[in-house]
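Structural characterization, general
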There are 2 protein chains.
Amino acid sequence: MLRILHANQLSPAERTQLLNRQSMADYAATERVEAIVERVMREGVSAVRALTKEFDGVDLEELLVDPSEIAAAENKLAPELKAAFQQAAENIEDFHRMQRNLLKDSETTIDGARLGFRYTPVDGAGVYVPGGKASYPSSVLMGVIPARIAGVRDIMIITPPAKDGGVDPAVLYCAKLAGATHVLRAGGAQGVAAAACGVIGPRVNVIVGPGNRYVTAAKSLLAARGLVRIDMPAGPSEVIVIADDTANAEFVAADLLSQAEHGDDSPAIVLTTSVEFARAVDAAIVRGVKERTKRQALKQASIENHSFALVFERLDDAFDFANDFAAEHLEICTANPEQDLRKVKSAGSVFLGHYAPVALGDYYSGTNHVLPTGGAALAYSGLGVELFLKRITWQFPTRASLERALRPILLMSEHEGFDQEHGHSVAVRFKN
Amino acid sequence: MLRILHANQLSPAERTQLLNRQSMADYAATERVEAIVERVMREGVSAVRALTKEFDGVDLEELLVDPSEIAAAENKLAPELKAAFQQAAENIEDFHRMQRNLLKDSETTIDGARLGFRYTPVDGAGVYVPGGKASYPSSVLMGVIPARIAGVRDIMIITPPAKDGGVDPAVLYCAKLAGATHVLRAGGAQGVAAAACGVIGPRVNVIVGPGNRYVTAAKSLLAARGLVRIDMPAGPSEVIVIADDTANAEFVAADLLSQAEHGDDSPAIVLTTSVEFARAVDAAIVRGVKERTKRQALKQASIENHSFALVFERLDDAFDFANDFAAEHLEICTANPEQDLRKVKSAGSVFLGHYAPVALGDYYSGTNHVLPTGGAALAYSGLGVELFLKRITWQFPTRASLERALRPILLMSEHEGFDQEHGHSVAVRFKN
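Residues numbered from 1 in each chain as written. Chains lettered and ligands numbered in written order. Predicted model: local features only at pLDDT ≥ 70, side-chain atom pairs only at ≥ 80, totals over all residues. Heavy atoms only, no water.

1. As for the overall build of chain A
- A tally of helices and strands in chain A yields 17 helices and 14 strands.
- Counting only C-alpha atoms and orienting by the principal axes, one finds that chain A spans roughly 85 × 60 × 40 Å.
- Excluding contacts between residues fewer than 6 apart, the proportion of contacts in chain A whose partners are at least 24 apart in sequence is 76%.
- Working note: accessible area of chain A is about 15200 Å², and carbon and sulfur atoms make up 49% of it. (Helix = DSSP H or I, 4+ residues; strand = E, 2+ residues; numbered from the N terminus. Contact = heavy atoms within 4.5 Å. Areas by Shrake-Rupley, 256 points an atom, 1.4 Å probe, with all protein chains shown as cover.)

Structure representation (structure tokens):
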């Protein structure tokens, strides 16, 4: 069921083929989304209401969830589930607070002038939470907590309403627990555009969180216009497991299937030095799919069409492949995972050792689960508090330090054709 | 010549009007650019050659500048200009090294599991440098130095060739001085696409630097596909000067005109508590435009159509306006500029005191001049080393810490419909 390939038998073209994920180019979605965004900008809340009726089949007069409904959500959940969310929220808070504490305002003196930077939060942040058939309260925690720690004033959940116009109580509970200030019952491109333009409730400056192709296209479009900053384009979830002979095939097979559970296009890859190990993983996957039948067709499609085992002669070559792939999730199931971590140049989040399934980071441990997919980890990091902060630079020169800069600025601005005013703006301060 | 307005006479709609810059929506450019990007991806270097011939009027066999040509550039520049670039490069290096030194790898222990993050540089960075009639060696320094400090291996200048196929020696000199490894003689969307896809020389993962509308559209398009990370969409340069009665009208007028020198659409704004001061600035501008006649029509258009003086009763209200405007450059020409800096929530870079013209930061002091425009400073920061770094999170749980997470993960993943595999991937580690 799992393709087993040998690295030393691959041509360069075949290797490139394995590294390629499906393209994220989605011009059709972009075109539809352009029209929706323009309409929301032009017509405001009535457009959002009409589009929610059209796409979600719900006719809502009031698009913001009432605070009383958010407060009431708590009573609809089992105490043990609430306790689980609370502990997860606490762990996420601890991890992101460490990150915030390291981002310090700073200054220095260069050539007689004082220069520095300071961090300030954005005013508003939107956290997209997919709805429809499923519900993702964990994404609420992952998006809202870093924004709150950054000091964002208005934090808005953007989520499509269910057929009855409601929002999952667990989403509402986590919104309150994490510190969201608003819940917008509008999804898709119209929900994103409404939040970015301040059509309903406060305007948001940053929008994070995964969504369908229209949500992704709307986020990118608004970012291209400079209206919002976004986390990253979202594609199918994916994992690479690097396993040496200390790894457990049952554990690895379970982790691959947990990735495949996301949909029919999730790459689940194992890199190993042992073909026997690859076969054992395959056998465990076949058994697992037979035994655990929920979402069976999706899992099967991901494993058969997007996944593989790749056998290397040297473990270091496996790390080279993983760095070129730049997986969203990377598990290192080896004898010395911490030492091996130093070989990782590109990945979203890394899971070390034999007791680190990706599900732990998805839900509970404290790291963020909003991570770059599809090779974007070659350039992007996972979501963190810095996305909700601006680093504003400043300088406080003295008269003497500016005077030393006069001649160099005259020369450089002259070369660029800006001497008359740029140069003059320095020179005027030293006339007579 | 400079419109003088009174804040207390503005309706909310008029205030909003003053805050609005021209829209950055540019669907026409995006459509043209899509075709160019697809063609470069499909046809490779021959497409880049053909498009360079079509748009730049030059037929080039070799699109990478030869190292010998880069080395020879040094001999074509005046020693004093080279010394100016060297001192500027040193200042930029110092400022960005301070920033890099503050980004530290870190770890913590949460609920018995070790978690942390580490920074790694991207492999390749592209720095776009506009060409054509003008040349911007200062942009070379601003883009390349932070990338080198971040540890980027391949740093490529992307710049359109002149009519004779050459590149300005100052650009080549600064490329070498700053630490660029490649200079690509191809600009526009085709140059950006070539660099992002590794069509000529190394593939780059990040592209920074301002360009024309096609460059901006190409950067956004490639970012939306997850192929590159970019700094921000670029619009017209702009300044707000906040001035109290300690400010010098001649200095302020010079700084406004230096902004207007960029083009015919650059907002140059002064916020003050004194209508007499506003009139004095206006008089100095009128005199300046008459005396210094280069780029006169451009300056006049920027001042008349995009600029204004706004008179407030209280200086704090001026800061509120500036925060809503989120200017690329903000000068604080007041008695206590450092104290006033604390009132700034949104701006690209802030210039404090009476000896801090924007030109100082454009060329020399050490802060970056690649900054958010058009209101993007509500969410974005100026260019810094972090754009060239990935923050990779990791976790190393123990068996015991994972076991504590088992029950919460079962409950949360069940709620999201992922219990069968996500939950199982944890549970399997504790079977028998």
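2. Quick notes on unusual backbone geometry
Residue and element names in this part refer to chain A.
- The backbone of D111 sits at a positive phi, close to 55 degrees, despite the residue not being glycine.
- Position of D111 relative to the elements: it lies in the loop between β2 (106-110) and β3 (113-121).
- Its identity as a non-glycine residue notwithstanding, R295 has a phi of 50 degrees, on the positive side.
- Checked against the element boundaries, R295 lands in the loop between α11 (275-291) and α12 (296-306).
- Accessibility expressed as a relative area gives 32% for R295, which makes it partly exposed. (Buried < 20%, exposed > 50% of the residue type's maximum accessible area, 1.4 Å probe, protein only.)

3. Quick word on the sheet that holds strand β7 (residues 206-208) of chain A
All names here are of chain A.
- Here we have five strands laid out as an open sheet, ordered β6-β5-β4-β7-β8, and parallel in their pairing. Each end of this open sheet is capped by a strand with a single partner; those strands are β6 (182-184) and β8 (229-230).
- With five bridges joining them, strand β4 (residues 124-128) and strand β5 (residues 154-158) adopt parallel strand pairing. Opposite A125, over in β5, you have I155 as the bridge partner.
- Its contacts with the sheet put helix α6 (residues 137-150) on β4, β5 and β7, and the angle it makes with β5 is roughly 165 degrees. (Pairing = 2+ DSSP bridges. Axes fitted to C-alpha atoms, helices over the stretch in contact; angles between N-to-C directions.)

4. Observations concerning the pairing of strand β9 (residues 239-243) of chain B
Residue and element names in this part refer to chain B.
- Buried residues dominate β9, accounting for five of its five residues.
- What you see with β9 is no split at all: V239, V241 and A243 on one side and I240 and I242 on the other are buried throughout.
- In this sheet, strand β10 (residues 268-272) lies alongside β9 in parallel orientation, the contact comprising five bridges. Looking at β10, one finds that V239 is bridged to A268.
- Strand direction decides the pairing type here: β9 and strand β12 (residues 329-333), joined by five bridges, are parallel. Counted as the bridge partner of V239 is H329 from β12.

5. Looking at the side chain of D340 of chain A
Residues and elements named next belong to chain A.
- Examined against the element boundaries, D340 turns out to sit in helix α14 (residues 337-341).
- Residue classification places D340 among the buried positions, given a relative accessible area of 6%.
- Once you skip the residues sitting within four places of it in the chain, D340 turns out to touch L315, F319, I332 and T334.

6. Remarks on the pattern of salt bridges
- Using the criterion set out here, one finds 54 salt bridges over all chains in the structure.
- Taking the shortest distance from any N to any O, the salt bridge between E421 of chain B and R292 of chain A comes out at 3.1 Å. With E421 of chain B in helix α17 (residues 419-427) and R292 of chain A in the loop between α11 and α12, this pair bridges two chains.
- In this structure, D419 of chain B engages K294 of chain A in a salt bridge whose closest nitrogen and oxygen atoms are separated by 3.0 Å. With D419 of chain B in helix α17 and K294 of chain A in the loop between α11 and α12, this residue pair bridges two chains.
- Three or more residues are tied together by salt bridges with common partners; here these are R314, D316, D317, D340 and K343 of chain A. (Salt bridge = Lys/Arg side-chain N within 4 Å of Asp/Glu carboxyl O.)

7. Details of the interface of chain B and chain A
- Taken together, the contact pairs 139 residues of chain B with 139 residues of chain A.
- Interface area, chain B with chain A, both sides summed: about 12200 Å², of which 58% is carbon and sulfur.
- Taken as a group, Y363, Q395 and R429 of chain B account for 7% of the area that chain B buries against chain A, more than any other trio of residues on that side.
- Connecting chain B to chain A are 16 salt bridges.
- Where E421 of chain A meets K299 of chain B, a salt bridge forms, and the shortest distance between an N and an O atom there is 2.6 Å. (Buried area = accessible area lost by both parts, 1.4 Å probe.)

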